[in-house]
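Structural features, examined
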Amino acid sequence: MLSANVSKALNKQIELEGSSSQYYLAMASWAETQGLNGVSAFLYTHADEERMHMLKLIKFVNERGGHGVVPPLKQPPTTFKSVKVVFEEILKHEIKVTDEINNLVDTTLKEKDYTTHNFLQWYVSEQIEEEALARQIVDKLKLIGDDKGGLYFFDRDLEVLAAESTGAEEEKGKGK
Ligand code: OFO
């Protein structure tokens, strides 16, 4: 059974994963209107992944006798200054998510809830991957600068990355 503190902290994380999903969905939709099909495919996939992170937490909370609360929808920004700004925002956001996961892990240790602690290790590794990927993309965009040709190839690269990550998520799903 989850303690009140762990349950509250997990529900806070459910809300954060849900808002991450909405945020990336807004970015995907904006990118699509800019003709950046690869960037938008990548971001749509990313939005789905965040929803899966939320769902995994809801199910865990419910399995442990708590109640995973579906958070309200908040309107994310609708327009973005540039693709570079989008990925800088993603990196900032993922760093914040990592901090929150760490706080959550800390709460489970204080509450001696080793089952939830163990469950959260998946999120700890996922955050390492997500931060590294966002950082890599921001670095690429810094190299590209204002080069339109570079942006064209970048968009194509992200299309490939989106297809790969959809495949990888399906594999992960099979392992469940
Ligand atoms: Fe759920 O990992 Fe990003 O936010």
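Report on the accompanying structure. (Residues numbered from 1 in each chain as written. Predicted model: local features only at pLDDT ≥ 70, side-chain atom pairs only at ≥ 80, totals over all residues. Heavy atoms only, no water.)

**Observations concerning the pattern of salt bridges**
This model, assessed by the stated rule, comprises eight salt bridges. K12 is the salt-bridge partner of E100, the closest N and O atoms lying 3.4 Å from each other. Highlighted residues: E100 in helix α3 (residues 83-110) and K12 in helix α1 (residues 4-33), separated in sequence by 88 residues. For E100, a relative accessible area of 22% translates into the label partly exposed. R135 is paired through a salt bridge with E131; the nearest N and O atoms lie 3.2 Å apart. Highlighted residues: R135 and E131, both in helix α4 (residues 114-144), separated by four residues, approximately one helical turn. Residue R135 is classed as partly exposed on the basis of its relative accessible area, which comes to 37%. The exposure class of E131 is buried, given its relative accessible area of 14%. (Salt bridge = Lys/Arg side-chain N within 4 Å of Asp/Glu carboxyl O. Helix = DSSP H or I, 4+ residues; strand = E, 2+ residues; numbered from the N terminus. Buried < 20%, exposed > 50% of the residue type's maximum accessible area, 1.4 Å probe, protein only.)

**Notes on unusual backbone geometry**
Most peptide bonds adopt trans geometry, and most residues besides glycine take a negative phi value. Positioned with a positive phi, K112 is a non-glycine residue whose angle comes to about 55 degrees. Its place among the elements puts K112 in the loop between α3 and α4.

**A few points about the packing of helix α2 (residues 37-63) against α3**
One way to put it is that α2 packs onto α3 with a least axis distance of 13 Å and a crossing angle of 20 degrees. Put simply, α2 runs roughly parallel to α3. Between α2 and α3 lies a crossing whose hand is left-handed. On the side of α2, the interface is formed by V39, F42, L43, H46 and E50, while α3 contributes V83, V86, F87, I90 and E94. Here the residues of the contact of α2 with α3 sort into seven nonpolar, one polar and two charged. (Axes fitted to C-alpha atoms, helices over the stretch in contact; angles between N-to-C directions. Parallel < 35°, antiparallel > 145°, perpendicular 65-115°, else oblique. Left-handed = near helix turned anticlockwise from the far one by under 90°. Contact = heavy atoms within 4.5 Å. Nonpolar A, V, L, I, M, F, W, Y, C, P; charged D, E, K, R; others polar.)

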